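Breakdown of the fold
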Amino acid sequence: MHFAPPDAQTVARALKILEHYTRGAKAWFEDAEQAWIRGTLAQRTDDEALGVARLVFERDDSAASTTAQLVAQTSPAALALHDAPARAGGLARRQSVRAATADELKRVAARGSRLTGGRISSRTQVEGSFVFDILFGELVEPGADGELLPPLSNPPILDCTPDLTTLSYLHEPAVLHNLRRRYERHDIYTYSGVVLVAMNPFSPVQLYSPEAMARYARAASHAADPHLFAIAENAYRGMVNDRRNQTIIVYGESGSGKTTSAKYIMRYFAQAHHADTNDVQMSTVENQILATNPVFESFGNAKTTRNDNSSRFGKFLDIKFERERQQIVGGRIRTFLLERSRVVYQPPTERNYHIFYQLLAGADAELRARLRLDGEYAACGAFHYTNQGGAGSAAIPGVDDAADFAETDASLEMVGIDGTQRGHIWRTLAGILHLGNVEFSGSESTGSFVGAESEPQFAIAAELLGVGEAKLRQWLTKRQIVTRHDNILAKVNKTQALVIRDSIAKFIYARLFDWILGPINASLLPTQVDEGQTSFVGVLDIYGFEHFEHNSFEQFCINYANEKLQQNFNHHVFKIEQEEYRREQLENWTFIGFQDNQPCIDLIEGKPIGILALLDEESRLEQGSDRTFTEKLYVQFGSQQQASASYFRKPRFSNTAFTIRHYAHDVTYEGDGFLEKNKDTVPDEVLDLLCTSSFEF
């Protein structure tokens, strides 16, 4: 590295970049405990001949130390001379603080690659102060200002602004500070251009009254305070005025309030514009649309460590409006990515799907007797599929499962599922619960067989599912191998028998979930509705980004979906918006950089080589295993020379896990179970058995 005094053009450009860094200016600094802290510029000294600027900031919550004051009073030409390596945490010991000679600068430049990543400029923290020594020649390099200088704080007049895009400085600490200040004022909604940022208050708020609906139903875009209803109204007006279908995407991290937000948006469409259509009461279709919420919450939501009512599936609802009167005339729901594994396994403190607990708490005596959910099988603690969360996990504070069962039953009736069909649903759920209590005995040499203590519930499960005990017993404990000349029955061990049992339970529940969707859509979209004369507003409610202590295939799929949604967010908030500013040639607009997550998406879905492609390839191999799958990932993506190295790494102490750097957080996935969950297969013999069930449902 060669050091030379800067030319006049470099000095002018550097001083232009530094023009807002004047005494009294406030800036943000990263902090291990508080994420970001704010400081005030106490002194700035420039040496234009040498091409150096020194900026000394004092933390707003502490007084400057004697050492920091001494540093601030040194020569304008002073540079931090790192005669000792930086200490842990990025603090460096200053052996001397004085004017730097040309020879000293040359020595620092020669050592720059080892100490400062190739740069002479440095930042030093001295107790409550931050000292920046900036070389002009480095400051004017493209993008260097964001790396060498602390981000400036917005003026107090912009505190609590309702739209983040109006901030003078738009960066991470500015966004977080503004959201925090608004949250402290109980303003949980903030705009970011066309996007609404919502922060879960974790308590009831009085924001969704009929009066609030009426206020937003007649308000111009962004004229009223940020609100879910404003987003809904904007979509409605876009559909009516522009005659274009609209979609609202609701996404965020787990527990952020997505499900509740989606419910309020649906309620707004069902109720807000009755005055416009001369209707006082909601129509049957509008009531049915709202009734789908408790149904899908019961069958598709569960208690997790992050959220007592976490959606474990994705849902897209398109609400159809008649074009001329703008009246709701129908709807259609599509679901995807149901978390099947939750039916058979729940981590500590978590629950299975709500509907199981509702059935056990709310079924009357007659129904209990019919489903064999009485006596010793009357509580959720009696079933393997509902007691894995541990003591106390079955009850959710403030939730009455019995009352919710009554609401679910009434909602099913509202959406067109009659009493006989509802009885079939309860019977299927009970069959799954009893099947989950079937355990196996045996050895590797003798194979597995249904344990004696499980015989009573095995018989109940077979009866409720409408299959013969002998056939069910056979295909739980044996598998058929098809050869060219014959079919061979092979024994399976206890572990394999449990896998078959669980695969049956997951398959039946998933088919039940899909079946429920059929009658709902048939009732939401009557045959007399001419879809050619309708427009729609869609509401997409999907899993939030997940990062748990143990992450598996389910979290991988969820976070992949969220990567795609984040890409959509980047496209609308950063790319499209700033392209418009460029076309308008705004002189005072500085391009805002953002992290493009396309490399992470390519890592996951890339073809012919990507994580999903390798997973599918390994799943097709007869000798494929979770271990060989993760080993292939290490070989393909683990090398530091590969482009994927920034987004993929092998954990230091594991040979079966891998870490992906997502847009929100680094997540380590445990590879065990990836192949089985990706295949998610049920033996053909079991499928044939279920198809011959005497239970017609």
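Residues numbered from 1 in each chain as written. Predicted model: local features only at pLDDT ≥ 70, side-chain atom pairs only at ≥ 80, totals over all residues. Heavy atoms only, no water.

**Here's the deal with the overall build of the protein chain**
- A count of helices and strands for the protein chain gives 23 helices and 20 strands.
- Counting all 697 residues of the protein chain, 49% fall into the buried class.
- In the protein chain, 64% of the contacts between residues at least 6 apart in sequence involve partners at least 24 apart.
- Summed over all atoms, the accessible surface of the protein chain reaches about 33900 Å², with 50% contributed by carbon and sulfur. (Helix = DSSP H or I, 4+ residues; strand = E, 2+ residues; numbered from the N terminus. Buried < 20%, exposed > 50% of the residue type's maximum accessible area, 1.4 Å probe, protein only. Contact = heavy atoms within 4.5 Å. Areas by Shrake-Rupley, 256 points an atom, 1.4 Å probe, with all protein chains shown as cover.)

**What to know about the pairing of strand β6 (residues 189-192)**
- Neither face of β6 is exposed, since Y189 and Y191 on one face and T190 and S192 on the opposite face are all buried.
- Pairing of β6 with strand β7 (residues 195-198), which is carried by four bridges, proceeds in the antiparallel orientation. Residue pairing for β7: S192 is matched across the bridge by V195.
- Joining the antiparallel neighbours β6 and β7 is a turn of two residues, in which G193 adopts a positive phi near 70 degrees. (Pairing = 2+ DSSP bridges.)

**A short note on the side chain of S310**
- Within the secondary structure, S310 sits in strand β10 (residues 310-311).
- A polar atom in the side chain of S310 sits 2.8 Å from the side chain of R312.
- Ignoring anything within four residues of it in the chain, the contact list for S310 reads S254, G300, N301, A302, T304 and E546. (Polar contact = N/O pair within 3.5 Å; in protein donor to acceptor, adjacent residues only side chain to side chain.)

**Section: the sheet that holds strand β18 (residues 648-649)**
- Pairing is antiparallel in the open sheet, where three strands are placed in the order β18-β19-β20. Taken across any chain shown, the strands that pair with only one partner, and hence form the sheet edges, are β18 and β20 (666-670).
- The pairing of strand β19 (residues 657-661) with β20 spans five bridges and is antiparallel. Residue T659 lies in a different strand from β20, and its bridge partner there is T668.
- Those strands touched by helix α21 (residues 626-637) are β18 and β19, and its axis lies near 45 degrees from that of β19. (Axes fitted to C-alpha atoms, helices over the stretch in contact; angles between N-to-C directions.)

**Brief notes about the sheet that holds strand β11 (residues 314-322)**
- Taking strand neighbours across the sheet as the criterion, the four strands line up as β8-β17-β11-β12 in an open arrangement whose pairing is mixed. Both outer strands of the open sheet, β8 (246-250) and β12 (327-336), are each paired with one neighbouring strand and no more. Strand-to-strand twist of the sheet, defined as the mean angle between neighbouring strand axes without regard to direction, takes the value 15 degrees.
- Summarising the sheet, β8 and strand β17 (residues 534-541) pair through five bridges and their orientation is parallel. Bridge assignment links T247 to a residue of β17, and that residue is G538.
- Where helix α8 (residues 228-242) meets the sheet, it contacts β8, β11 and β17, and its direction lies at approximately 160 degrees from that of β8.

**Here we look at the pattern of salt bridges**
- Per the stated rule, a full pass over the model turns up 34 salt bridges.
- Here K26 and D60 are joined by a salt bridge, their closest N and O atoms 3.2 Å apart. With a gap of 34 residues between them, K26 in strand β1 (residues 26-31) and D60 in the loop between β3 (52-59) and α2 (66-72) connect regions that are remote in the sequence.
- Residue D60 is classed as partly exposed on the basis of its relative accessible area, which comes to 38%.
- The partner of R372 in a salt bridge is E463, with the nearest N and O atoms 3.1 Å apart. (Salt bridge = Lys/Arg side-chain N within 4 Å of Asp/Glu carboxyl O.)

**Some thoughts on unusual backbone geometry**
- Omega for the peptide link from K607 to P608 comes to 5 degrees, which places this bond in the cis form.
- Although it is not a glycine, F202 sits at a positive phi angle of roughly 55 degrees.
- Structurally, F202 can be placed in the loop between β7 and α7 (210-217).
- Given a relative accessible area of 64%, F202 falls into the exposed group.
- Backbone geometry places T349, a non-glycine residue, at a positive phi of 75 degrees.
- Here T349 lies in the loop between β12 and α11 (354-362).

**Digging into the nonpolar core**
- The biggest cluster of nonpolar side chains holds 102 residues, and the ones touching the most others in it are F269, F299, W426, L429 and Y509.
- When residues in this core are grouped by element, the largest group, 14 residues, is from helix α17 (residues 494-524).
- Beyond its immediate stretch of four places on either side in the chain, F299 contacts Y353, I355, T408, L412, I425, W426, L429, Y509, L512, F513 and I516.
- Membership of the second largest hydrophobic core comes to 23 residues, among which are F556, C600, I611 and Y634. (Core = buried A, V, L, I, M, F, W, Y, C linked by side-chain atoms within 4.5 Å.)

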